[in-house]
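Here is what each chain is made of, one letter per residue.
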Amino acid sequence: MLSRAGLSNQDLEFVQFHPTGIYGAGCLITEGCRGEGGFLINANGERFMERYAPNAKDLASRDVVSRAITIEIREGRGCGPEKDHVFLQLHHLPAEQLHKRLPGISETARVFAGVDVTKDPIPVLPTVHYNMGGVPTNYRGQVVQHRNGRDVIVPGLYACGEGASASVHGANRLGANSLLDIVVFGRACALTIADLHKPGEKFPDLDQSCSGDASVANVDTLRHANGSTPTAVLRTQMQKTMQAHAAVFRDGPTLQQGVKLIDDCFRAQKDLKVHDRGLIWNSDLVETLELQNLMLNAVQTLYSAEARKESRGAHAREDFKDRVDEYDYSKPLQGQAMRKDHWRKHTLSITDQYTGKTTLTYRPVIDRTLDKDKFDTLPPMLRKY
């Protein structure tokens, strides 16, 4: 919706992979399993997380665990005939503990993986789970855009939940912290709206260009789309492009190829074929409308990822392995000169909904607290395990 309104999204390159999605189905197995004592093993039966995070082990953050699983698979230690997943072992835990502390896990594994968790491990693979990016907002839930070097509030527009990017998560959200997206910022939106808007308040007349006619025309155009590419075919093409070119590990050539392929996918929307012309329970039409939304986000994700020449949080590039801050925070700041080519900044992306042309700009990170006397500012730190 924001993209179609000509406004910018923020930080869409930061895509979080949940390390334990059920292989072949994608349903998530909560990391509470590992919190209760479950652990990951490779084809050799080895608890491989000890190599990647010697202290945290299986309880390391999601991006670290996801990358560790991917490395195990790439180096030939994956499980199954295709060696393309690993196992999550729970059967060493008492069945009573699994039933009491992890309700539903046994059923989920049985239904989607055909596994009895009291006897066999669950096949798992990193699965896209969350976007750190989204609609940029301030701490009051108001949507902001960066204009002429400062944040400008979009009057009357609010966002909260996982679609918003107040950016409390930075480049990598920690487990359970998405609750505050709706609990904290949902409340903030309500309080701000109650403060700034009153019952009976008058609004300006609706501009004819915003009357909704374009949306109705779009629905009608799609409903009668008579090209040669079914929606499901193009959606699969887009999905495979994202999986192959914007996954857990990224590098320049892969991302550049992905940008070209996703541009091809975007242009291919002009050749869509919708079979159902009806207006009642038209799932073909709904899936085509959903594809339009997915395509806008996919384009911005790949363009933003290709442009960011560093590794930060969930964005891990093999050709730029280090985080590029404005200062070297592993050393005392005194005497250091600020780097002008640093990447500690937000990516802002706008995509033309008709042509697919994508424009990137950048916004500074807010790293000062609202009240220094109550909560002092903490400088960035390097994440180590």
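Quick notes on the rules
Numbering of residues starts from 1 in each chain and follows the order in which that chain's sequence is written. Side-chain atom pairs in this predicted model are given and counted only at pLDDT of 80 or more, local residue features only at pLDDT of at least 70, and totals for whole chains, interfaces and linings cover all residues. The side-chain figures draw on all heavy atoms in the structure; neither hydrogens nor water molecules are used. By the criteria applied, helices consist of DSSP H or I runs no shorter than four residues and strands consist of E runs no shorter than two, each listed in order from the N terminus. Think of it in three bands: residues with accessible area under 20% of the maximum for their type are buried, residues over 50% are exposed, and the middle band is partly exposed, with areas taken using a 1.4 Å probe on protein chains only. Grouping into patches uses exposed residues only, defined as over 30% relative accessible area, and leaves out salt-bridged ones; the cut-off is 9 Å for like charges and 5 Å for nonpolar side chains (Val, Leu, Ile, Met, Phe, Trp, Tyr). Here, Shrake-Rupley sampling with a 1.4 Å probe gives the accessible areas, and only protein chains in the shown set may cover a residue. When a carboxyl oxygen of Asp or Glu is within 4 Å of a side-chain nitrogen of Lys or Arg, the pair counts as a salt bridge. Multiplying one less than the number of residues by 1.5 Å gives the expected span of a helix. The directions from the helix axis to the C-beta atoms form the arc being described. In this scheme, strands are said to pair when DSSP sees at least two bridges between them. Whenever a helix is involved, its axis is fitted only over the stretch in contact; in every case the axis is a line through C-alpha atoms, and angles between N-to-C directions fall within 0 to 180 degrees. For this analysis, residues touch if any pair of their heavy atoms sits within 4.5 Å. Pairing of aromatic side chains here covers Phe, Tyr and the six-membered ring of Trp, requires ring centres within 6.5 Å, and sorts the geometry by plane angle: under 30 degrees stacked, over 60 edge-to-face, intermediate tilted.

### A word on unusual backbone geometry
Alright, step 1. Positive phi, normally seen in glycine, also occurs at Asp11, with a value near 60°.
Alright, step 2. The topology assignment puts Asp11 in the loop between β1 (9-10) and β2 (15-22).
Alright, step 3. The buried category is assigned to Asp11, whose relative accessible area is 3%.
Alright, step 4. Unusually for a residue other than glycine, Ser167 sits at a positive phi of about 70°.
Alright, step 5. As for its placement among the helices and strands, Ser167 is situated in the loop between β9 (164-165) and α6 (179-196).
Alright, step 6. Classification of Ser167 by relative accessible area gives partly exposed; the value is 22%.

### A short note on a nonpolar patch on the surface
Alright, step 1. Residues Leu179, Ile182, Val183 and Val184 make up a contiguous nonpolar surface patch of about 380 Å² in total accessible area.
Alright, step 2. Positionally, Ile182 belongs in helix α6.
Alright, step 3. Classification of Ile182 by relative accessible area gives partly exposed; the value is 47%.

### Concerning the pattern of salt bridges
Alright, step 1. Inspection of every chain in the model, using the stated rule, returns 26 salt bridges.
Alright, step 2. Glu31 is paired through a salt bridge with Arg62; the nearest N and O atoms lie 2.4 Å apart. One end of the pair, Glu31, is in the loop between β2 and α1 (32-35); the other, Arg62, is in helix α3 (residues 62-74), and 31 residues separate them in sequence.
Alright, step 3. Under the relative-accessibility criterion, Glu31 is labelled partly exposed at 23%.
Alright, step 4. Connected through shared salt-bridge partners, Glu13, Arg308, Glu310, Arg312, Arg323 and Asp325 make up one network.

### Focus on helix α9 (residues 252-268)
Alright, step 1. End to end, α9 covers 24 Å across 17 residues, agreeing with the expected 24 Å (1.5 Å per residue, within 8%).
Alright, step 2. For α9, every residue scored as buried is listed here: Gly252, Leu255, Gly258, Val259, Ile262, Asp263, Cys265 and Phe266. Down the axis of α9, the buried side of the element spans an arc of 160°, and every buried residue falls inside it. Of the residues in α9, the exposed ones pointing more than 90 degrees away from the buried face are Pro253, Lys260 and Arg267.

### Remarks on the sheet that holds β1
Alright, step 1. The strand order across the open sheet formed by 3 strands is β1-β14-β15, and the pairing between neighbours is antiparallel. Looking along the sheet, the strands with just one partner apiece sit at the ends: β1 and β15 (358-364).
Alright, step 2. Pairing between β1 and strand β14 (residues 345-351): 2 bridges, direction antiparallel. Within the sheet, the bridge partner assigned to Asn9 lies in β14 and is Ser349.

### Structural notes on the sheet that holds β2
Alright, step 1. Overall, antiparallel pairing links the 4 strands, which are arranged β2-β5-β4-β3 in an open sheet. Of all strands in the sheet, those bounded by a partner on one side alone are β2 and β3 (39-41). Put simply, the sheet's adjacent strands are angled 45° from each other on average, direction ignored.
Alright, step 2. Sheet topology note: the β3/strand β4 (residues 86-89) ladder contains 3 bridges and is antiparallel. When the bridges of β4 are listed, Leu40 appears paired with Leu88.

### Focus on the environment of Leu255
Alright, step 1. Inspection of the secondary structure puts Leu255 in helix α9.
Alright, step 2. A residue is classified by how much of its surface remains accessible, and Leu255, at 0% relative accessible area, is buried.
Alright, step 3. When the C-alpha positions of Leu255 and Tyr139 are compared, they lie 33 Å apart, and in sequence the two are 116 residues distant.
Alright, step 4. When residues no more than four places from it in sequence are discounted, the contact partners of Leu255 are His245, Arg250, Leu302, Ala305, Glu306 and Arg317.

### Describing the pairing of strand β7 (residues 142-147)
Looking along a regular strand, one sees the side chains alternate between the two faces of the sheet.
Alright, step 1. A large share of β7 lies buried, amounting to 5 of its 6 residues.
Alright, step 2. With 5 bridges joining them, β7 and strand β8 (residues 150-158) adopt antiparallel strand pairing. By the bridge assignment, Val144 is partnered in β8 with Ile153.
Alright, step 3. Taking the residues between adjacent antiparallel strands as the criterion, β7 and β8 are bridged by 2 residues, where Asn148 takes a positive phi near 50°.

### Side note on the packing of aromatic side chains
Alright, step 1. Scanning the model with the defined rule gives 3 aromatic pairs in all.
Alright, step 2. Plain terms: the ring middles of Phe48 and Tyr52 are 6.4 Å apart, the flat faces sit at 80° to each other, and that makes the pair edge-to-face.
Alright, step 3. Of the residues examined, Phe48 reaches a relative accessible area of 0% and is grouped as buried.
Alright, step 4. With a centroid separation of 5.5 Å and 80° between ring planes, the pair formed by Trp343 and Tyr362 is classed as edge-to-face. One end of the pair, Trp343, is in the loop between β13 (316-317) and β14; the other, Tyr362, is in strand β15, with 19 residues separating them in the sequence.
Alright, step 5. For Tyr362, a relative accessible area of 27% gives the class partly exposed.

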